[in-house]
Amino acid sequence: MKNLLDIVSDLIETAKKHEQYRAKECINMIASEGIKSPAVCQMLDMSHDLATRYAEGENNSEGHVKKRFYQGQKYVSKIEDHATDAIKKLFQATWADVRLISGTHANTATFKGLAIASKSNKMIVTPLSCGAHISHDYTGLAGSILGLDNINHVYDVDEFNIDPDKSAQVIRSAKPGIVTFGGSLFLFPHPIRELREVCDEVGAYVAYDAAHVLGLIAGHQFQDPIREGADFITASTHKTFPGPQGGVIMGIPDTAAKEKAVRKIQHAVFPLTASSTHLGRLPALGIACLEMQVFGQELAAQVVKNAQSAGQYLYENGIKVIAEHKGFTKSHQLALDVRSFGGGNKIAQDLEDANIILNKNLLPYDDQSDKENPAGLRVGFQDVTRHGMREGDIKHLCDLIINVIKDKRSPEQVKVDVMALKKEFSHVKYGFQSVDEALSYVKH
Ligand SMILES: Cc1ncc(COP(=O)(O)O)c(C=O)c1O
């Protein structure tokens, strides 16, 4: 092994190279990654002391700090309360918890809290093969760590969605404590409204995982889970929502059952699963909330428009885009089936060689045991949109993608055009350029 000096020197150089590569030279289309504005980045830079502090404690029924176990908290507690209130305001919730350091952490605390509150270990989830996140599944967090007993929603592969009638039957007969919605391959709004009543019949809590679509929800696109019947939303704050990496849980606990759930979830956050809550992200999270209030609707609408127009263009050019009969998508993502061009693994690699970064993805009808070579690609449009691309630019980008998929030009040739396109779209739009700009917006 190298000595520590060489390791650290290499580490610093590699980190610099990464910043240059992914931020300046690549077009990023991973559907689960977000893009922060200069103001959010600057606020993170201004929060270094905060990022070294601890703030263990308990929160009240509004999500505000009730009790601290450490000294030196006079500003920390205000900061946490303000970040909590910013989330509550933006999403019209009456309770939120911002202490989660990721979406998986938000799911951990929520699933655990709801299992305790409902005194049930049964949780209905979207099948992993149909887009659920691993944290929902019996092979992941839900089953292997929390010991929950997963029962699948019935999924209609043609509709690319949960089948509400058949899932209602499953819920009625299983009588779960928790019914979940939301996912990682997530093209169409899930039928919360249609299933809320049957969840009430069996006394199940409804948890909606908005990790992917939180920014779309903030921008009034896709769906409005709380108003449609979800008791709680869990999410990452860094995918379509353009904040710092972190997690959040929120809801409107307007019944005794939901108040009890909040207490159990809070207990599952602290002391069960958190100690350091990575406080340095909280002021930046507040700025991202303001950005979404100001620019969110325009941004989210353009993200969805770009994804849909890419779906249409790729489809017209001979690429199998999933759910053509439904307009391809209502979210920031597309799912492509590239089996006839060599499969998801090969094409994702070829695109990487052309500096277009996305991921291979199992599709519901794939052999689920062949994870290394699925038919699918998942493509996200939130990053290119925030960099200012509109439908015409998206067509140009799709031409480059088609060049690679159809092997019309080598990835190395396409890369030259990709890097030129990236240069053209190097500024982050739909956000504030500095903390001062955010402040001056606030002040008038
Ligand atoms: C639906 C869903 N939930 C939760 C997560 C986990 O979020 P995080 O990466 O913030 O832990 C993801 C990650 O992509 C996801 O897709």
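Because the structure is predicted, anything quoted here is derived from the model rather than measured. (Residues numbered from 1 in each chain as written. Predicted model: local features only at pLDDT ≥ 70, side-chain atom pairs only at ≥ 80, totals over all residues. Heavy atoms only, no water.)

(A) Inspection of the packing of aromatic side chains at higher detail. Inspection of every chain in the model, using the stated rule, returns 10 aromatic pairs. Measuring from ring centre to ring centre gives 5.0 Å for F186 and F222, while their planes differ by 80°; the resulting arrangement is edge-to-face. Note that F186 is positioned in the loop between β9 (178-182) and α7 (192-202) and F222 in the loop between α8 (214-218) and α9 (225-228), a separation of 36 residues in sequence. On the accessibility criterion, F186 (1% relative accessible area) is buried. Consider the rings of F432 and Y441, whose centres lie 5.6 Å apart with planes at 50°: the pair is tilted. With relative accessibility at 2%, the residue F432 sits in the buried group. For K326, the ring lying beneath its charged end belongs to F188, and the centroid distance is 4.2 Å. (Phe/Tyr/Trp six-rings, centres within 6.5 Å; stacked < 30°, edge-to-face > 60°. Helix = DSSP H or I, 4+ residues; strand = E, 2+ residues; numbered from the N terminus. Buried < 20%, exposed > 50% of the residue type's maximum accessible area, 1.4 Å probe, protein only. Lys NZ or Arg CZ within 6 Å of the ring centre and 35° of its normal.)

(B) Broad picture of the site of the ligand. The environment of the ligand is formed by 14 residues, the closest being G103, T104, S184, D209 and S236. In the environment of the ligand, an oxygen atom lies 3.3 Å from a nitrogen or oxygen atom belonging to the side chain of H238. The protein chains hide 86% of the 390 Å² of surface that the ligand would expose on its own. Among the residues forming the shell around the ligand, the class breakdown is 1 nonpolar, 11 polar and 2 charged. (Near = heavy atom within 4 Å. Polar contact = N/O pair within 3.5 Å; in protein donor to acceptor, adjacent residues only side chain to side chain. Areas by Shrake-Rupley, 256 points an atom, 1.4 Å probe, with all protein chains shown as cover. Nonpolar A, V, L, I, M, F, W, Y, C, P; charged D, E, K, R; others polar.)

(C) Focus on the pairing of β9. Of all the 5 residues making up β9, 5 are buried; the element is thus mostly covered by neighbouring parts of the structure. Neither face of β9 is open: one carries I178, T180 and G182, the other V179 and F181, and all of them are buried. Summarising the sheet, strand β5 (residues 122-125) and β9 pair through 2 bridges and their orientation is parallel. Its bridge partner lying in β9, I124 is registered against V179. With 5 bridges connecting them, β9 and strand β10 (residues 205-209) associate as parallel partners. Residue pairing for β10: G182 is matched across the bridge by D209. Note on the crossover from β9 through α7 to β10: the handedness is right-handed. (Pairing = 2+ DSSP bridges. Right-handed = clockwise from strand over helix to strand, strands pointing away.)

(D) Examining the pattern of salt bridges more closely. Within this structure, the stated rule accounts for 20 salt bridges. Its salt-bridge partner being R22, residue E33 comes within 2.9 Å of it at the nearest N-O pair. Remark: R22 occurs in helix α1 (residues 4-25) and E33 occurs in the loop between β1 (27-28) and α2 (38-45); sequence separation between them is 11 residues. E33 gets classed as partly exposed once you look at its relative accessible area, which sits at 31%. You can call R22 buried: its relative accessible area is 19%. Taking the shortest distance from any N to any O, the salt bridge between D231 and K258 comes out at 3.6 Å. With D231 in the loop between α9 and β11 (232-236) and K258 in helix α10 (residues 256-273), this pair connects stretches of sequence that are 27 residues apart. Accessibility classification places D231 together with K258 in one group, the buried group. Taken together, the salt bridges that share partners define one network made up of R196, D200, D231, D254 and K258. (Salt bridge = Lys/Arg side-chain N within 4 Å of Asp/Glu carboxyl O.)

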